Amino acid sequence: MATREIERAREIQGDFADVRLPEIPQVPGMIKPSEARYLYWLASQAYLGHGAVVELGSFLGASAMHLAAGLRDGGLGGELHCFDRFLWDRDHAAKFDLGLAVGADYRALFEANVRKVYDGVRAHSVELREITWSRGPVELLFLDAPKKFTELEATLTTFAPYLEPGEAILAFQDFAHAPSYAVALVIAGLGERLELTHVVAGGSTAGFTLREPLPRDARTWRELDFSRWPRERVIERFETLAARIRPDDVRRKLAPGLPMALWDLGAKDEAVARMSALEFDDALQRHWERMAKGPLYARYEGLFLARGLARPTTGRDKNALTRFVRGLFGGKRRG
Ligand SMILES: C[S@@+](CC[C@H](N)C(=O)[O-])C[C@H]1O[C@@H](n2cnc3c(N)ncnc32)[C@H](O)[C@@H]1O
């Protein structure tokens, strides 16, 4: 078997530290260094040249530039198709100050960034649910925009006919981002169709090799809709998948996804009990402290409180209040 075939079939759960990145210009983005190395490795070492590389959710091109550089350096060429609405929104404005007005079209910035690296890139300005595809096989599908069940159903159904079992790799950027627990639950529901192949330590991405065709019919997708599952099945499927994750940081980051799912499904007491019992290290605690300042707080207040995180007020009040609530609810914390 050729080196690439052996390399891509090997399960890797780590930080891809041995991947040497070429010079790639820095642009504002949402991927971690280990994820950048993984994407470059995927396109340069694991890609067989049997189909297009497709990215859903491109922003200003940070991830696309690493896929693009991988295609350029891997020696097989290949097309990179990037789908995004490419419209500056309030979330973007809250994270990055580029002087763009909310609603501004930033696709030209994306194209200028990625073309510096590789010109085999095509950008498509489109809503996820309106994506169409008729360009033949897709070998690598990197998903960094569909996070909800309906978005995953729509996009995976669109690409299903073009993903070849045994060849296609699907990498989900927010696999371990707890508020995006729908990603893990859809993957868990897909069962044997997807084989866990890569987990990126230091990030939230996991890659799966397609083993059986993805469903395209509404009936199967209804069965995959975890909001219709009994609570026990949600717990069992989530925990079975989570138990396969070896890097501690990724497993810990994913774990609050189950309480969040239970909370949204109405099992609030159980969600709070499970949330309090989780082990948070300092990095995860800081991550949740940052989330407590954002819009998720209102939706999951009981879960934040279960971790001793009250909505921060100002200055000294904030620290005193957090200490007070932590004392009241006493979430376990490990340094
Ligand atoms: C997490 S960001 C992608 C980050 C990017 N991969 C990087 O490396 O920086 C998600 C992107 O998905 C896009 N997006 C989110 N929801 C979308 C939708 N419903 N339709 C089209 N694009 C969407 C956003 O515009 C945003 O650029």
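Residues numbered from 1 in each chain as written. Predicted model: local features only at pLDDT ≥ 70, side-chain atom pairs only at ≥ 80, totals over all residues. Heavy atoms only, no water.

Here we look at the pairing of strand E3 (residues 80-84)
No. 1: In terms of burial, E3 is a largely internal element, five of the five residues being buried.
No. 2: Residue alternation in E3 divides its side chains into two sets, Leu80, Cys82 and Asp84 and His81 and Phe83, and both sets are buried.
No. 3: Where strand E2 (residues 52-56) lies against E3, four bridges are found, and the strand directions are parallel. Note that in E3 the partner of valine 53 across the bridge is leucine 80.
No. 4: Each parallel crossover has a hand, and the one from E2 via helix H3 (residues 62-74) to E3 is right-handed.
No. 5: As paired strands, E3 and strand E4 (residues 121-125) are joined by five bridges and run parallel to one another. For aspartate 84, the partnering residue across the bridge sits in E4 and is serine 125. (Buried < 20%, exposed > 50% of the residue type's maximum accessible area, 1.4 Å probe, protein only. Helix = DSSP H or I, 4+ residues; strand = E, 2+ residues; numbered from the N terminus. Pairing = 2+ DSSP bridges. Right-handed = clockwise from strand over helix to strand, strands pointing away.)

Digging into the confidence of the model for the protein chain
No. 1: Per-residue confidence for the protein chain gives a mean pLDDT of 93; residues scoring 70 or more make up 93%.
No. 2: Counting contacts from residues 331-335, a segment whose pLDDT is below 50, to residues more than four positions away or on other chains yields 19 contacts. (pLDDT = per-residue confidence, 0-100. Contact = heavy atoms within 4.5 Å.)

Details of the environment of tyrosine 297
No. 1: With respect to the helices and strands, the residue tyrosine 297 is situated in helix H14 (residues 296-299).
No. 2: The class of tyrosine 297 is buried, set by a relative accessible area of 4%.
No. 3: Spatially, the C-alpha atoms of tyrosine 297 and leucine 48 are 44 Å apart, while their sequence positions differ by 249 residues.
No. 4: The contact partners of tyrosine 297, leaving out residues within four places of it in the chain, are Met291, Ala292, Phe304, Leu305, Leu309, Ala310 and Arg311.

Focus on the pattern of salt bridges
No. 1: This model, assessed by the stated rule, comprises 20 salt bridges.
No. 2: The salt bridge involving arginine 129 is made with glutamate 127; its shortest N-O contact spans 3.7 Å.
No. 3: Across the pair lysine 148 and glutamate 151 runs a salt bridge, and its minimum N-O distance is 3.9 Å.
No. 4: Each of Arg231, Glu232, Glu239, Glu270 and Arg274 takes part in a single network of salt bridges with overlapping partners. (Salt bridge = Lys/Arg side-chain N within 4 Å of Asp/Glu carboxyl O.)

A few points about the packing of aromatic side chains
No. 1: With the rule as written, the count across this model stands at 21 aromatic pairs.
No. 2: With a centroid separation of 5.7 Å and 85° between ring planes, the pair formed by tryptophan 88 and tyrosine 106 is classed as edge-to-face. Placement of the pair is tryptophan 88 in the loop between E3 and helix H4 (90-95) and tyrosine 106 in the loop between H4 and helix H5 (107-115), with a sequence separation of 18 residues.
No. 3: Using a relative accessible area of 2% as the deciding quantity, one classes tyrosine 106 as buried.
No. 4: For the pair tryptophan 133 and phenylalanine 159, a centre-to-centre distance of 5.7 Å together with 50° between the ring planes defines the contact as tilted. Residue tryptophan 133 is found in the loop between E4 and strand E5 (138-143), and its partner phenylalanine 159 is found in helix H6 (residues 149-159); the two are separated by 26 residues along the sequence. Take tryptophan 133 and phenylalanine 159: they sit in the same class, and that class is buried. (Phe/Tyr/Trp six-rings, centres within 6.5 Å; stacked < 30°, edge-to-face > 60°.)

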